[in-house]
Amino acid sequence: MTYTPVDYDAYDFANRRHIGPSPSEMEEMLKAVGVRSLDELIDQTVPPSIRQSKPLSWAPLAEHELLARMGEVSRKNKVMTSLIGQGYYGTVTPPAIQRNILENPAWYTAYTPYQPEIAQGRLEALLNYQTMICDLTGLDVANASLLDEATAAAEAMTMAERSAKTKARAFFVDQSCHPQTVGVIRTRALPLGIEVIVGAPEDLDPQAVFGAIFQYPGTFGHVRDFSAEIARLHEAKAIAIVATDLLALCMLKEPGAMGADIAVGSSQRFGVPLGYGGPHAAFMSCKDDLKRSMPGRIVGVSIDANGTKAYRLSLQTREQHIRREKATSNVCTAQALLAVMASFYAVFHGPKGLRAIAERVHFLTNRLARALKAAGAKVSPRAFFDTITVEVGVGQAGILAAARQEGLNFRKIGLDRVGISLDETSDEKVLIRVLRAFGIDGVPPHRATLGFPEEMVRKTDYLTHPVFHMNRAESEMMRYMRRLSDRDLALDRAMIPLGSCTMKLNAAAEMMPITWPEFGSLHPFAPADQALGYKEAIDDLTAKLCEITGYDAMSMQPNSGAQGEYAGLLTIQAYHRSRGDHGRNVCLIPVSAHGTNPASAQMAGMEVVVVKSAPNGDVDLEDFKAKAVAAGDRLAACMITYPSTHGVFEETVKEICRITHEHGGQVYLDGANMNALVGLVRPGEIGSDVSHLNLHKTFAIPHGGGGPGMGPIGVKAHLAPFLPGHPETGGAEGPVSAAPYGSASILLISWAYCLLMGGAGVTQATRVAILNANYIAARLSGAYPILFMGNKGRVAHECILDTRPFAGVGVTVDDIAKRLIDNGFHAPTMSWPVAGTLMVEPTESETKAEIDRFVTALLSIRDEIAAVEKGEITAGESPLRHAPHTVAALVTEAWDRKYSREQGCFPPGAFKVDKYWPPVGRVDNVYGDRNLVCTCPPVESYMEAAE
């Protein structure tokens with residue numbers, strides 16, 4: 001007998017792990033769609049005039065091969081003890097937090113908590129974060145969160161401009177602010193026409209500015225009270241901002257006690273690895289009267305339909321992509337996962353633990369300063385917390401080299417000084433090594449003496465809420481983290497079919513390397529020869545992304561999609577300026593474009609001109625032409641999303657690019673829908689000049705419950721000289737993010753995704769994403785109108801279900817979205833880009849069984865709508881209006897509803913044994929906005945609600 005081996009490749013990650021439907025399932029799906037092959041479907045969907053001719057080139061790796069490759073690359077990084085400071089510090093991530101939060105898909109695969117009923121765990125953790133920030137800064141309201149300290153400072157500047165009661169147009173920046181903060185503020189100020197004045201606080205003229213920012217402690221270590229400067233600003237009706245450090249505030253007088261209006265900073269040193277620059281959660285807090293001007297997401301407390309306390313994102317209309325060209329910021333994401341980690345760090349240690357860590361760092365720094373002074377060194381400042389500056393004159397290079405011999409990195413300051421910042425990881429051994437670098441043996445004994453005046457000691461309590469005083473036994477901590485994660489619905493439980501958000505598989509092998517110390521422990525400003533592994537990874541990822549997009553260069557600096565849009569527009573503006581085209585400031589944006597586009601254009605100082613949509617959802621080409629002609633030599637750019645936000649490959653995309661170039665503009669193609677292009681269409685070959693890529697969408701970085709993200713930009717060669725620079729690495733243009741490579745550590749995830757999939761694999765992912773979307777459209781087309789389709793009746797990687805016809809019988813899009821929770825699903829994108837619709841994107845990662853379960857759920861909901869249409873039940877009496885159903889509704893209410901408990905709680909598609917139960921009923925949004933509470937409420941309030 002001849003033995004026939006199987007042809008199954010167990011290590012084929014693309015086809016056996018990442019792509020959901022099996023080959024036989026794809027055949028069934030293709031039949032339902034009405035085509036004979038995947039090639040035929042792609043030919044009907046993607047216009048042949050824009051298809052790329054050359055396939056993507058690189059071969060895939062198996063998972064074990066990937067981990068071996070990344071291990072080799074990681075060892076090219078040299079992990080030193082970095083005492084550089086400058087806003088980045090060594091920290092100890094408690095293993096319980098690393099394992100149960102950072103490495104737990106229940107936390108990292110969740111989406112932004114726009115559907116609060118299925119996000120109560122994340123929302124509680126983020127409310128803890130806000131409470132922590134408010135307490136430590138001494139201010140009333142905090143957000144959760146911003147991208148990094150530098151961009152938070154820039155956001156605070158524009159918030160101050162909106163809020164100040166003065167007509168001054170200048171902004172003062174303390175010369176002790178971190179260089180990257182000054183750089184990003186300058187970048188943000190330029191297109192808005194804000195004059196930036198950098199100087200010493202004592203030289204501040206309050207009458208000349210609408211606001212000022214002070215660094216506390218300063219970048220070179222200075223600790224000083226800004227109360228007098230803040231009082232003078234207030235007399236001039238200007239706004240006072242303090243950029244501060246959370247660990248220092250465990251000992252130092254808080255900004256609120258100085259009278260500050262706004263505080264900003266980073267929560268990185270609360271247990272979040274350095275990661276060569278990120279991701280880290282930045283914070284902003286402010287006085288109560290400024291809260292409605294504050295950018296970013298604010299978690300608030302509301303009630304559900306039963307009067308039970310429930311958390312939600314408050315003031316959701318502040319979301320900038322909703323406000324479009326009326327936006328006051330382009331913030332469209334947070335760093336939720338990192339904010340959750342920082343909040344658990346505070347819960348883990350409690351106020352006494354944080355104070356103990358702060359004291360230990362401070363007293364070590366004091367010992368270091370005493371030893372250096374005793375040896376005759378000139379040490380400044382007189383008042384410090386964890387950072388000192390040492391004058392070393394012409395011996396600077398020698399001291400830095402001696403430090404490196406000791407495995408240490410000091411900060412190079414000017415030509416004659418070095419900076420040293422101690423942190424949570426510093427101990428007596430580090431102290432000995434530091435002093436040896438200066439030729440000093442031994443260390444002075446420990447003394448609990450302060451390195452700053454007693455009047456600067458914090459007088460107020462912080463973290464008084466019971467959550468920060470819980471029993472910190474690891475068993476209790478582990479259970480608290482588990483309880484919160486169990487309240488949420490993430491990708492580890494079910495498909496999240498969010499249009500435009502691309503909630504695809506975040507493979508375990510892709511995630512593992514980011515917590516390796518060789519990648520996690522690098523300071524972003526470490527010498528370049530210590531980061532050769534990162535350089536190799538970033539260079540190779542850049543090459544692959546350029547091959548995918550058809551662009552010539554990439555900037556990896558933008559650390560969110562909206563930040564990428566902003567950086568791309570600044571690149572275009574810099575290009576125009578270089579050619580003497582200073583008057584080009586008009587940006588044409590179709591109404592079908594992604595909502596952040598007009599917000600980013602507004603922040604870039606451009607005049608937004610909106611272009612109409614044709615009846616089929618395409619860009620109205622005649623209106624586009626007319627507005628391009630009207631703009632004339634003022635046309636700077638157009639911004640298009642492709643495929644369109646309506647989920648269609650528009651045939652006219654090349655013509656739009658041609659018209660824009662004919663009138664001297666540049667084409668910005670939004671990369672939000674890149675998951676429909678990879679391997680099929682190169683934006684750089686169809687006429688686009690610049691795109692950002694949402695790596696947290698197409699390239700497998702997880703959404704983290706609302707961040708982190710990355711939005712690098714690709715450009716054609718003529719724009720490459722105008723990409724963002726950075727104070728640490730040079731470049732002609734200003735920085736848009738705090739670190740040169742943004743949130744560098746998560747670039748590793750996208751690199752790993754590309755290596756695992758190979759060129760053919762990422763192309764197949766695109767093809768199957770299009771198949772899955774068309775399968776859903778085909779299965780649902782008789783029950784729900786499909787709003788937009790291409791010329792051959794196909795959708796791209798997403799489709800829009802029109803639920804507006806049901807409004808006539810009282811059924812809303814909200815009812816359908818909340819009813820899907822009972823089926824065990826996150827709702828699709830709701831009421832965007834068209835109000836009253838659901839935009840569905842299944843991605844390529846979902847199996848046919850999961851897609852069929854989703855279709856079953858939507859068809860059962862359609863049957864319930866039909867019952868309302870027939871008059872068998874009213875919308876208000878139906879399970880649609882009472883959704884989602886909780887366990888409490890099932891067991892504690894007298895069931896007097898017009899439908900059975902089983903219909904309400906176990907609709908078709910819901911799992912019987914593994915059913916997801918939402919912890920609260922439908923959340924009352926209006927109540928939450930009218931009664932804004934955004935810090936942890938006292939425990940008694942929960943008891944009152946229960947009664």
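Fair warning: this is a prediction, and the values are worked out from it, not measured in the lab. (Residues numbered from 1 in each chain as written. Predicted model: local features only at pLDDT ≥ 70, side-chain atom pairs only at ≥ 80, totals over all residues. Heavy atoms only, no water.)

Sorry, what's going on with the nonpolar core here?
Across soluble globular proteins, you tend to see nonpolar side chains buried next to one another. Within the largest apolar cluster, 229 residues are counted, with the highest numbers of intra-cluster contacts made by M132, F344, F410, I420, F438 and F699. If you look at the next biggest cluster of nonpolar residues, it comprises 41 residues, including I84, M159, I185 and I194. (Core = buried A, V, L, I, M, F, W, Y, C linked by side-chain atoms within 4.5 Å. Buried < 20%, exposed > 50% of the residue type's maximum accessible area, 1.4 Å probe, protein only.)

I keep staring at the side chain of E864 and nothing clicks. Help me out?
Mapped onto the elements of the fold, E864 is located in helix α26 (residues 848-869). Discounting chain neighbours no more than four positions away, the residues touching E864 are R819, P879, L880 and Q903. (Helix = DSSP H or I, 4+ residues; strand = E, 2+ residues; numbered from the N terminus. Contact = heavy atoms within 4.5 Å.)

When you look at the pairing of strand β25 (residues 837-840) in this model, what are you seeing that I'm missing?
On any regular strand, side chains alternate: one points to one face of the sheet, the next to the other face. Side chains of β25 alternate between two faces, with T837 and M839 and L838 and V840 buried alike. By the bridge criterion, 4 bridges tie strand β23 (residues 799-802) to β25 in an arrangement that is antiparallel. If you follow I800 over to β25, its bridge partner there is M839. As defined by bridge partners, strand β24 (residues 829-830) adjoins β25 across 2 bridges and the pair is classed as antiparallel. Within the sheet, the bridge partner assigned to T829 lies in β25 and is M839. Connecting the antiparallel pair β24 and β25 is a turn made up of 6 residues, with S831 showing a positive phi of about 60 degrees. (Pairing = 2+ DSSP bridges.)

How should I be thinking about the packing of aromatic side chains in this particular structure?
Think of a pair of aromatic rings as described by two things: how far the centres are apart, and how the planes are tilted against each other in angle. Considering all chains together, one arrives at 21 aromatic pairs under this definition. The interplanar angle of 85 degrees and the centroid separation of 5.6 Å between the aromatic rings of Y88 and F525 together place this pair among those described as edge-to-face. In this pair, Y88 is assigned in the loop between β1 (81-82) and α5 (95-102) and F525 in the loop between α18 (517-520) and α19 (532-549), connecting sequence segments 437 residues apart. An identical accessibility class is assigned to Y88 and F525; each is buried. An angle of 70 degrees between the planes, with centres 5.4 Å apart, marks the rings of F519 and Y534 as edge-to-face. Of this pair, F519 sits in helix α18 while Y534 sits in helix α19, and the two are 15 residues apart along the sequence. Both residues of the pair, F519 and Y534, belong to the buried class. (Phe/Tyr/Trp six-rings, centres within 6.5 Å; stacked < 30°, edge-to-face > 60°.)

Can you help me understand the environment of E607 in this one?
Following the sequence through the fold, E607 ends up in strand β18 (residues 607-611). The partly exposed category is assigned to E607, whose relative accessible area is 37%. Along the backbone, E607 and V586 are 21 residues apart, and their C-alpha atoms lie at a distance of 4.8 Å. In contact with E607, not counting residues within four places along its chain, are N585, V586, C587 and R634.

How do you make sense of the sheet that holds strand β3 (residues 170-174) when you look at a structure like this?
Working definition: the strands of a sheet are paired by backbone hydrogen bonds and lie parallel or antiparallel to each other. An order of β2-β8-β7-β6-β5-β3-β4 is seen for the 7 strands of this open sheet, with the pairing classed as mixed. Since the sheet does not close on itself, it has two edges, and those belong to β2 (141-142) and β4 (195-199), each with one partner. Along the sheet face, helix α8 (residues 149-163) touches β3, β5 (209-216), β6 (239-245), β7 (262-266) and β8 (282-286) and points at about 25 degrees away from the line of β8. In the packing of helix α9 (residues 179-189) onto the sheet, contacts are made with β3, β4 and β5, and the angle to β4 comes to roughly 160 degrees. (Axes fitted to C-alpha atoms, helices over the stretch in contact; angles between N-to-C directions.)

Can you walk me through the layout of surface pockets in this structure?
The volume enclosed by the second largest pocket comes to roughly 550 Å³. Elements with a contribution of two residues or more to the lining of the second largest pocket: β1, α5, α13 (336-374), α18 and α24 (744-780). Counted by class, the lining of the second largest pocket contains 21 nonpolar, 14 polar and 1 charged residues. (1 Å grid on protein atoms, 1.4 Å probe; cavity = no way out; pocket = protein on both sides within 12 Å on 5 of 7 lines; lining within 4 Å. Points joined across faces, edges and corners; volume = space filled by probe spheres on them. Nonpolar A, V, L, I, M, F, W, Y, C, P; charged D, E, K, R; others polar.)

Honestly, unusual backbone geometry in this entry has me stumped. Any pointers?
Peptide bonds are, in most cases, trans, and in most cases residues other than glycine have a negative phi. For the bond from G707 to P708, the omega torsion is 20 degrees, close enough to zero to count as cis. In the segment running from A883 into P884, the intervening peptide bond is cis, with an omega of -5 degrees. Tracing the sequence through the fold places P884 in the loop between α27 (879-882) and α28 (887-891). In this structure, Q86 takes a positive phi of about 60 degrees despite not being glycine. Mapped onto the secondary structure, Q86 falls in the loop between β1 and α5.

Would you mind going over the sheet that holds β23 with me for this structure?
In spatial order, the strands read β23-β25-β24; together these 3 strands make up an open sheet with antiparallel pairing. Both edges of this open sheet fall to β23 and β24, since each of them pairs with a single strand only.

Before we go on, may I ask you to explain the pairing of β5 in this structure?
Counting buried positions over the 8 residues of β5 gives 8, a clear majority of the element. The sheet contact formed by β5 and β6 spans 6 bridges and is parallel. Residue pairing across strands places Y216 opposite T244, the latter belonging to β6. Read as a crossover between parallel neighbours, the route from β5 over helix α10 (residues 227-235) to β6 is right-handed. (Right-handed = clockwise from strand over helix to strand, strands pointing away.)

How do you make sense of the pattern of salt bridges when you look at a structure like this?
Close approach of charged atoms lets side chains of opposite charge pair. One pass over the full model with this rule turns up 48 salt bridges. The closest approach of N and O atoms between E428 and R367, which form a salt bridge, is 3.1 Å. Within this pair, whereas E428 is found in helix α15 (residues 428-437), its partner R367 is found in helix α13, the two being separated by 61 residues in sequence. Taking the relative accessible area as the measure of exposure, E428 reaches 37% and is therefore partly exposed. Look at R367 and you get buried, because its relative accessible area is 7%. For the salt bridge of D852 with R779, the shortest nitrogen-to-oxygen distance reads 3.0 Å. A residue pair is termed long-range when its members are at least 10 positions apart, and D852 in helix α26 and R779 in helix α24 qualify at 73 residues. (Salt bridge = Lys/Arg side-chain N within 4 Å of Asp/Glu carboxyl O.)

Just checking my understanding: could you explain the side chain of E841 for this structure?
Relative to the helices and strands, E841 resides in the loop between β25 and α26. Summary of buried charges: E841 has no salt-bridge partner, and the nearest side chain of opposite charge, K697, is 7.2 Å away. A distance of 3.0 Å separates the side chain of E841 from the backbone nitrogen of S500, its partner in a polar contact. Side-chain polar atoms of E841 contact the backbone nitrogen of C501, separated by 3.4 Å. Beyond its immediate stretch of four places on either side in the chain, E841 contacts I496, P497, L498, G499, S500, C501, T502, N675, H797 and E798. (Lys, Arg positive; Asp, Glu negative; His and termini not counted. Polar contact = N/O pair within 3.5 Å; in protein donor to acceptor, adjacent residues only side chain to side chain.)

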